[in-house]
Amino acid sequence: MYAHTPDSSPRGERWGESVTTAPPDVDVVLPCLNEAEALPWVLARIPPGWRALVVDNGSTDGSAEVARAYGATVVHEPRRGFGAACHAGLTAATADVVCFCDGDASLDPSLLVPFVREIRDGGADLVLGRRRPHGRGAWPVHARAGNLALARMLRRRTGLRLHDLGPLRAARRAPLLALGLTDRRSGYPLQMVVRAADAGWRIVEHDVPYLPRTGASKVTGTWRGTWQAVRDMSRVLSEPPAHQEGRVR
């Protein structure tokens, strides 16, 4: 488990701008739909030298303006869908290593530092964060149940003994693009793992703290949203193995 010492700063506290002019060491893709309240907390925790790519997926609360004020690069993706936002960020990235993190303040992007180190050291090709809830309401029961069901289906499909399909992750950009990901809804994170497994990637997971999100969830906030996501991901699991160009070794 990667150690994490939370600071005492409240979410939403105003931080100074930080604009990176040199080429980024790492790009962090942050899919965003109405996350203006959470973004200051998240962007303040992007490691120095890294670039935050906030992918605005049709926000109406000024999220894009907040993101720019805190030094992030904003990418606009008009097609609604978690996968659409993630893939727009991936295609906009230029760094060798790309990370993904939710923009709702449920996950601390500074936790990605050892993930990136493991990628660069050759210990893994895809590193995932296994969410461990911290605080009341951090992970609703129905969302955990859906995640558990998907992890079991993933094990049957690929043999991977993963426990979570969470959004905190890191990998190299070029092999990710070569996976040819096509899902643009809730199945995108799972399709990434399935196609990476089919391509022979070394995939590992590490425990990370999972905090109560800021604002309402767009996917797992309700039973209906959770099971819609499960249906999306079930379709991904039913796909036959595809010819992969995304092998990394």
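These figures come from a predicted structure and were not determined experimentally. (Residues numbered from 1 in each chain as written. Predicted model: local features only at pLDDT ≥ 70, side-chain atom pairs only at ≥ 80, totals over all residues. Heavy atoms only, no water.)

### Topic: the overall build of the protein chain
For clarity, the threshold we go by: Secondary structure is summarised from DSSP: a helix means a run of H or I of at least four residues, a strand means a run of E of at least two, and numbering begins at the N terminus for each. Only protein chains enter the accessibility calculation, which uses a 1.4 Å probe; a residue whose area is less than 20% of its type maximum is buried, one above 50% is exposed, and one in between is partly exposed. When checking whether two residues touch, look at their non-hydrogen atoms; a contact exists if any pair is within 4.5 Å. For every accessible area listed, the method is Shrake-Rupley and the probe measures 1.4 Å; residues are considered covered only by the protein chains on display.
Scanning the protein chain for helices and strands turns up eight helices and seven strands. Within the span of the protein chain, comprising 249 residues, buried residues form 53% of the whole. At a minimum sequence separation of 6, the contacts of the protein chain that also span at least 24 residues come to 78%. Accessible area for the protein chain stands at about 11200 Å²; split by element, carbon and sulfur atoms hold 52% of it.

### As for helix 4 (residues 112-120)
Within the sequence span of helix 4, burial applies to L112, P114, F115, V116, E118 and I119. Where helix 4 is buried, its residues meet strand 1 (26-32), strand 4 (97-100), strand 5 (126-133), strand 6 (169-172) and strand 7 (203-210). With its phi angle positive at about 85 degrees, G122 sits one or two positions after the end of helix 4.

### Details of the nonpolar core
For clarity, the cut-off: To define a nonpolar core, start from buried Ala, Val, Leu, Ile, Met, Phe, Trp, Tyr and Cys residues and group those joined through side-chain atoms within 4.5 Å.
Counting residues in each nonpolar core, the largest one holds 36 residues, and the members touching the most others are V28, L30 and L43. Of all the secondary-structure elements, those providing two or more residues to this core are strand 1, helix 1 (39-43), strand 2 (51-56), helix 2 (63-69), strand 4, helix 4 and strand 7. Every residue in contact with L43, bar those within four places of it in the chain, is listed here: L30, A52, V54, A67, Y70 and A72. Counting residues in hydrophobic clusters, the runner-up holds 34 residues, among them A93, L160, A196 and M233.

### Quick notes on the confidence of the model for the protein chain
Rules: Per-residue confidence from the prediction method is given by pLDDT, with values spanning 0 to 100.
When pLDDT is averaged across the protein chain, the result is 85; 80% of the residues are at 70 or more. Confidence drops under pLDDT 50 across residues 1-20; counting only partners more than four residues distant or on other chains, this segment forms 37 contacts.

### Section: the pairing of strand 6
One face of the sheet, then the other: side chains in a regular strand alternate in exactly this way. Quick note on the threshold: When DSSP finds two or more bridges between a pair of strands, those strands are recorded as paired.
Across four bridges, strand 4 lies against strand 6 in antiparallel orientation. In the strand pairing of strand 6, V97 is matched with R172. Bridging between strand 5 and strand 6 involves three bridges; their strand directions are antiparallel. Opposite L126, over in strand 6, you have A171 as the bridge partner.

### Digging into the side chain of D183
Going by this rule: Pairs of N or O atoms are called polar contacts if they sit within 3.5 Å, as long as, within protein, a hydrogen donor faces a hydrogen acceptor (for residues adjacent in sequence, only side-chain-to-side-chain pairs).
Relative to the assigned elements, D183 resides in the loop between helix 6 (173-178) and helix 7 (188-198). A polar contact is formed between the side chain of D183 and the backbone nitrogen of G187, at a distance of 3.1 Å. Polar contacts involving the side chain of D183 include one to the main-chain amide nitrogen of Y188, which spans 3.2 Å. Among all residues touching D183, those that are not within four sequence positions of it are G83, Y188, Q191, D232 and V236.

### Quick look at helix 7
A turn of α-helix holds 3.6 residues, and therefore any two residues three or four places apart point the same way. The buried fraction of helix 7 amounts to nine of the eleven residues, a majority that puts the element mostly inside the structure. Considered for burial, the residues of helix 7 that qualify are Y188, P189, L190, Q191, M192, V193, V194, R195 and A196. Looking one or two places after helix 7, you find G200, whose phi comes out positive at around 85 degrees.

### Looking at the pairing of strand 7
Among the eight residues that make up strand 7, seven are buried, leaving the element largely enclosed by the rest of the structure. Here strand 5 pairs with strand 7 via eight bridges, running parallel. Bridge assignment links P133 to a residue of strand 7, and that residue is Y210.

### Side note on the sheet that holds strand 7
Condition: Lines fitted to C-alpha atoms define the axes, with helix axes restricted to the stretch in contact, and inter-axis angles between N-to-C directions lie between 0 and 180 degrees.
Strand order in the open sheet formed by seven strands is 3-2-1-4-6-5-7, and the pairing between neighbours is mixed. Either end of the sheet is taken by a strand with one partner, and the two such strands are strand 3 (73-76) and strand 7. Shown here is a sheet whose adjacent strand axes are inclined to one another by a mean of 25 degrees, direction ignored. Taken strand by strand, helix 3 (residues 82-92) contacts strand 1, strand 2, strand 3 and strand 4, and its axis lies near 155 degrees from that of strand 1. Strands in contact with helix 7 are strand 4, strand 5, strand 6 and strand 7; relative to strand 5, the strand with the most contacts, it is inclined by about 135 degrees.

### Overview of the pattern of salt bridges
Worth spelling out the cut-off: Each salt bridge in this description consists of a side-chain nitrogen of Lys or Arg and a carboxyl oxygen of Asp or Glu lying within 4 Å of one another.
Within the structure shown, the criterion is met by eight salt bridges. Of the charged contacts, one joins E239 and R195 as a salt bridge, the two residues approaching to 3.6 Å between their closest N and O atoms. Here R195 lies in helix 7 and E239 lies in the segment after helix 8 (223-238), a separation of 44 residues in the sequence. Judged by relative accessible area, which is 28%, E239 ranks as partly exposed. R195 sits in the buried class, given a relative accessible area of 13%.

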